[in-house]
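Fold and contact review
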Amino acid sequence: MLKHFLSSKIHRAIVTDADVDYEGSMAIDEEFLEEAGITPFEKILVGNQTNGHRFETYAIPAPRGSRAIVLNGAVAHLGKKGDRLTIMTFGLLSNEGAKDHAPKVIVLNDSNEIISRRGI
């Protein structure tokens, strides 16, 4: 049997912009995507710690080093600049594969700088 496990997480990210007129997705600094092991266009689950909303969308790369976390399209209604988010991906693992699994986690500070890395 396969079960869903946390694969990667960007914790405590601060929204830098929101664009309701964009077609969709969430732009994330390319460095953050790489550090957390998130592939462009991969499905993400986002928890907004500021207002309690949870939503799914997909990740697109923002310019490397920009520290951008941008809500695009419909999800721009679920958050605003300054909100704190947790961005997660999940993968399927067998019970055997899960024994040695450790998700890739990066933690950001209030300036969207990486302050901690785990499982990397």
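Remember, it's a predicted structure, so these values are computed and weren't measured experimentally.

About the criteria used
- Residues numbered from 1 in each chain as written.
- Predicted model: local features only at pLDDT ≥ 70, side-chain atom pairs only at ≥ 80, totals over all residues.
- Heavy atoms only, no water.
- Helix = DSSP H or I, 4+ residues; strand = E, 2+ residues; numbered from the N terminus.
- Polar contact = N/O pair within 3.5 Å; in protein donor to acceptor, adjacent residues only side chain to side chain.
- Buried < 20%, exposed > 50% of the residue type's maximum accessible area, 1.4 Å probe, protein only.
- Contact = heavy atoms within 4.5 Å.
- Salt bridge = Lys/Arg side-chain N within 4 Å of Asp/Glu carboxyl O.
- Core = buried A, V, L, I, M, F, W, Y, C linked by side-chain atoms within 4.5 Å.

**Thoughts on the environment of Asp29**
Turning to its location among the elements, Asp29 is positioned in strand β3 (residues 26-29). A sequence separation of 39 residues divides Asp29 from Ala68, and the C-alpha atoms of the two residues are 5.1 Å apart. Polar contacts involving the side chain of Asp29 include one to the main-chain amide nitrogen of Ser66, which spans 2.9 Å. Engagement of the side chain of Asp29 in a polar contact is seen with the backbone nitrogen of Arg67, the distance being 2.6 Å.

**A look at unusual backbone geometry**
Leaving glycine aside, a negative phi is the common case for residues, and trans is the common case for peptide bonds. We note that Phe41 has phi near 75°; this positive angle belongs to a residue other than glycine. Although it is not a glycine, Arg67 adopts a positive phi angle of roughly 60°. Looking at the secondary structure, you find Arg67 in the loop between β5 (54-62) and β6 (69-72).

**Considerations on the side chain of Thr89**
Note that Thr89 resides in strand β7 (residues 84-94). For Thr89, a relative accessible area of 1% puts it in the buried group. A polar contact is formed between the side chain of Thr89 and the side chain of Ser8, at a distance of 2.4 Å. If we skip the residues at most four places from it in the chain, Thr89 touches Phe5, Leu6, Ser7, Ser8, Ile38, Glu42, Lys43 and Ile44.

**Some remarks on the pattern of salt bridges**
Across all of its chains, the model carries eight salt bridges by this definition. The shortest N-O distance in the salt bridge between Lys43 and Glu56 comes to 3.5 Å. Note that Lys43 is positioned in strand β4 (residues 43-48) and Glu56 in strand β5, a separation of 13 residues in sequence. Assessed through its relative accessible area of 54%, Lys43 is described here as exposed. Note on Glu56: relative accessible area 51%, which makes it exposed. The partner of Asp110 in a salt bridge is Arg84, and the shortest N-O contact between them spans 2.6 Å. Of this pair, Asp110 sits in the loop between β8 (104-108) and β9 (114-118) while Arg84 sits in strand β7, and the two are 26 residues apart along the sequence. Of the residues examined, Asp110 reaches a relative accessible area of 57% and is grouped as exposed. Taken together, the shared-partner salt bridges connect Glu30, Glu34 and Arg64 into one network.

**Topic: the nonpolar core**
Core analysis: the largest hydrophobic core is formed by 22 residues, its most contacted members being Ile10, Met26, Ile28 and Ile87. Broken down by secondary-structure element, the contributors of at least two residues to this core are β1 (2-14), β3, α1 (30-36), β4, β5, β6, β7 and β8. Per-element tally for this core: the top contributor is α1, with three residues. Look past the residues within four positions of Ile28 in its chain and what remains in contact with it is Ile10, Leu33, Ile44, Ala59, Ile60, Pro61, Ala62, Ala68, Ile69 and Ile87. Of all hydrophobic cores here, the second largest spans five residues; its members include Ala27, Ala62, Ala68 and Val70.

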